[in-house]
Amino acid sequence: MPSLAGYRFIVADDNSINLKLIVTLLKSSGASVVEASNGLEVLEHVNSEHFDLILMDVRMPTMGGKEAALKIRSGNSYNTEIPIIVLTADIVPEHRE
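Parameters at a glance
- Each chain has its residues counted from 1, following the order in which its sequence is written.
- Selection of residues for local features in this predicted model requires a pLDDT of at least 70, selection of side-chain atom pairs for listing and counting requires 80 or more, and totals for whole chains, interfaces and linings are taken over all residues.
- With hydrogens and water set aside, each side-chain value is computed from the structure's full complement of heavy atoms.
- Strands are runs of DSSP state E lasting at least 2 residues, helices are runs of H or I lasting at least 4, and numbering of each runs from the N terminus.
- Residue count minus one, scaled by 1.5 Å, sets the expected span of a helix.
- Throughout, exposure labels follow a simple rule: accessible area from a 1.4 Å probe, protein chains only, divided by the maximum for the residue type, with under 20% read as buried, over 50% as exposed, and the rest as partly exposed.
- Each direction from the helix axis to a C-beta atom contributes to the arc, which is the arc of those directions.
- Contact between two residues is taken to exist if any of their heavy atoms lie within 4.5 Å; hydrogens are not considered.
- For this analysis, a polar contact is any N or O atom pair within 3.5 Å, provided that within protein one partner can donate a hydrogen and the other can accept it, and provided that sequence-adjacent residues contribute only side-chain to side-chain pairs.

A.B. asks: Which residues make up helix H1 (residues 16-28), and what are the values?
C.D. replies: End to end, H1 covers 18 Å across 13 residues, agreeing with the expected 18 Å (1.5 Å per residue, within 8%). What H1 keeps buried is the set Leu 19, Ile 22, Val 23 and Leu 26. One side of H1 carries all its buried residues, which in axial view fall inside an arc of 95°. Turned more than 90 degrees from where H1 packs its buried face, Ile 17, Lys 20, Leu 21 and Ser 28 sit exposed. In this structure, the buried residues of H1 make contact with strand E1 (8-12), strand E2 (32-36), strand E3 (53-57) and strand E4 (84-87). Between the side-chain oxygen of the N-cap and the backbone nitrogen of Ile 17 there are 2.9 Å, and the N-cap of H1 in question is Asn 15. At the C-terminal side of H1, Gly 30 shows a positive phi close to 100°.

Set out below in structure tokens:
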């Protein structure tokens, strides 16, 4: 894995095991990582802090990744252009779509 030193990520997942896995991988490559458990928490961080990338689960309580991504894109913060990757561990093909 390439060095991610100097990069700042926010990772959101309501599944603590998935969250820990992603955070551990990113940190082991030198990235600075902020954790969140839902899209609302992501919005709170994005409105007050700078990030290089957002990784979010599609389905989370309170606010899912898709809804949070749409709000980030329509907002007024400096993070409106940040790359967003929305993930899912769901294996049902219809849900992935």
